[in-house]
Amino acid sequence: MKFDIITIFPNIFDSYFNHGLIARGLKKKLIQIKTHNLRKWTIDKHKSVDDRPFGGGLGMVMKIEPIFEAVKAIKKNNSKVIFFTPRGKKFNQKIAWQLSKQKQLIFICGRYEGVDERVAEKIADLKLSIGDYVLMGGEVPTLVVIEAVSRLIPGIIAKEQLLQERTTKKKGYVEYPQYTRPEVFNPKKGVNWKVPKELISGNHERIRKWREKKSQTIEK
Ligand code: SAM
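Everything numeric in this text was worked out from a predicted model, so none of it was measured.

Criteria and cut-off values
Residues numbered from 1 in each chain as written. Predicted model: local features only at pLDDT ≥ 70, side-chain atom pairs only at ≥ 80, totals over all residues. Heavy atoms only, no water. Helix = DSSP H or I, 4+ residues; strand = E, 2+ residues; numbered from the N terminus. Rg over C-alpha atoms; globule rule 2.2 N^0.38 Å. Contact = heavy atoms within 4.5 Å. Areas by Shrake-Rupley, 256 points an atom, 1.4 Å probe, with all protein chains shown as cover. Buried < 20%, exposed > 50% of the residue type's maximum accessible area, 1.4 Å probe, protein only. Near = heavy atom within 4 Å. Polar contact = N/O pair within 3.5 Å; in protein donor to acceptor, adjacent residues only side chain to side chain. Nonpolar A, V, L, I, M, F, W, Y, C, P; charged D, E, K, R; others polar. Phe/Tyr/Trp six-rings, centres within 6.5 Å; stacked < 30°, edge-to-face > 60°. Salt bridge = Lys/Arg side-chain N within 4 Å of Asp/Glu carboxyl O. Domains from an automatic or database assignment. Core = buried A, V, L, I, M, F, W, Y, C linked by side-chain atoms within 4.5 Å.

Quick word on the overall build of the protein
Along its length, the protein carries 7 helices and 11 strands. What you see for the protein is a C-alpha radius of gyration of 22 Å, clearly larger than the 17 Å of a compact globule of 220 residues, by over 25%. By its C-alpha atoms, the protein is 70 × 40 × 30 Å across when sized along the principal axes. Considering only intrachain contacts with a sequence separation of at least 6, the fraction spanning at least 24 residues in the protein is 73%. Counting only carbon and sulfur atoms, one obtains 53% of the accessible surface of the protein, whose full area is about 14200 Å².

Set out below in structure tokens:
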């Protein structure tokens, strides 16, 4: 699986990808991530990626030309181009499963007041939102999608059984509450916050039933 990120802030990602399971996946060559500076595909001497909006208004809009050229240079067969916009389809676990089957995902990170709508209409295969709020750019949404998709790629999570255990037939993801030591936490005198007795019963069937009862699917 290869992730290509088109952004005007490629350095934002450096530190993030050096940690945790993403770093491990990169080291084991289970995933590849490449950030591309959009300015590489500009043609004017100022390397401009934005311009004033037609119809007037405050702020600047990202231009289609460098994005078009960037996607043309990066895209292979069978890849999906993902464009982030708060007006896109809401990202969820089901979409993460679908994306985890792809060979290449290309992310276009918007900035400023937005991106020429022809990018969404003509270049993107999928328009995604990560929630009903407006961020300053598509970089954080890119991280969100890469995290969610990467952990579904075989070998990324060391204990893959975990993933199987918590996945329903419809590829939804089932979550139950977790606890760890101490069994009883006493933050102050007379207060005892206890772990549910089922979990410390040592009875596997009782634990399984408790987890089943408490499970919530996060698939919508
Ligand atoms: N008015 C623009 C629009 O409706 O698309 C929003 C511009 S926003 C300030 C700048 C960029 O941040 C967007 O082009 C998009 O790439 C990204 N962005 C902001 N909120 C987002 C969200 N909830 N989900 C995904 N991307 C988002």
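Okay, back to it.
Some points on unusual backbone geometry
At the junction of R181 and P182, the peptide bond is cis and its omega measures out at 10 degrees in the coordinates. In this structure, N78 takes a positive phi of about 60 degrees despite not being glycine. Locating N78 in the fold gives a position in the loop between α2 (64–74) and β5 (79–90). A relative accessible area of 63% places N78 in the exposed class. One non-glycine residue, Y112, adopts positive backbone phi at about 55 degrees. Checked against the element boundaries, Y112 lands in the loop between β6 (104–108) and α4 (117–123). Since its relative accessible area comes to 37%, Y112 is described here as partly exposed.

Remarks on the site of the ligand
Taken together, 20 residues form the shell around the ligand, and within it F84, R87, G131, Y133 and L135 come nearest. Within the backbone of F84, an N or O atom sits 2.7 Å from an oxygen atom of the ligand. In the model, a nitrogen atom of the ligand is placed 2.8 Å from a nitrogen or oxygen of the Y133 main chain. Elements supplying a minimum of two residues to the shell around the ligand: β5 and β7 (126–129). For the shell around the ligand, the element with the highest residue contribution is β5, accounting for 4 residues. Broken down by class, the residue content of the shell around the ligand amounts to 10 nonpolar, 7 polar and 3 charged.

Here's the deal with the packing of aromatic side chains
Counted according to the given criterion, the structure contains 6 aromatic pairs. Ring geometry for F13 versus F17: centroids 5.7 Å apart, planes at 10 degrees, classification stacked. Both residues of the pair, F13 and F17, count as buried. Judged by centre distance (5.7 Å) and plane angle (55 degrees), the rings of F185 and W193 are tilted. Members of the aromatic cluster, connected to one another through ring pairs, are F3, F84 and F107.

Describing the pattern of salt bridges
Applying the stated criterion across every chain yields a total of 9 salt bridges. Each of E205, R208 and E212 takes part in a single network of salt bridges with overlapping partners.

Remarks on the domain arrangement of the protein
Per the domain assignment, the segments making up the protein are domain 1 (2–150) and domain 2 (176–218). Averaged C-alpha coordinates put domain 1 and domain 2 at centres separated by 41 Å.

Quick look at the nonpolar core
Grouped together as the largest cluster of nonpolar side chains are 27 residues, with contacts concentrated most on F3, L99, F107 and L128. Only β1 (2–7), β5, α3 (93–99), β6, β7 and α5 (139–150) provide two or more residues apiece to this core. Here this core takes 5 residues from α5, the largest share from any one element. Within the second largest apolar cluster, 20 residues are counted, among which are I6, L38, V119 and A124.

Notes on the environment of D4
Here D4 shows up in strand β1. In the structure, D4 is positioned 101 residues away from L105 in sequence and 6.2 Å away in space, judged by C-alpha atoms. Residues in contact with D4, not counting those within four places in the same chain, are K34, H36, I74, Q104, L105, I106 and F107. Here the side chain of D4 touches H36 through a polar contact of 2.7 Å, side chain to side chain.

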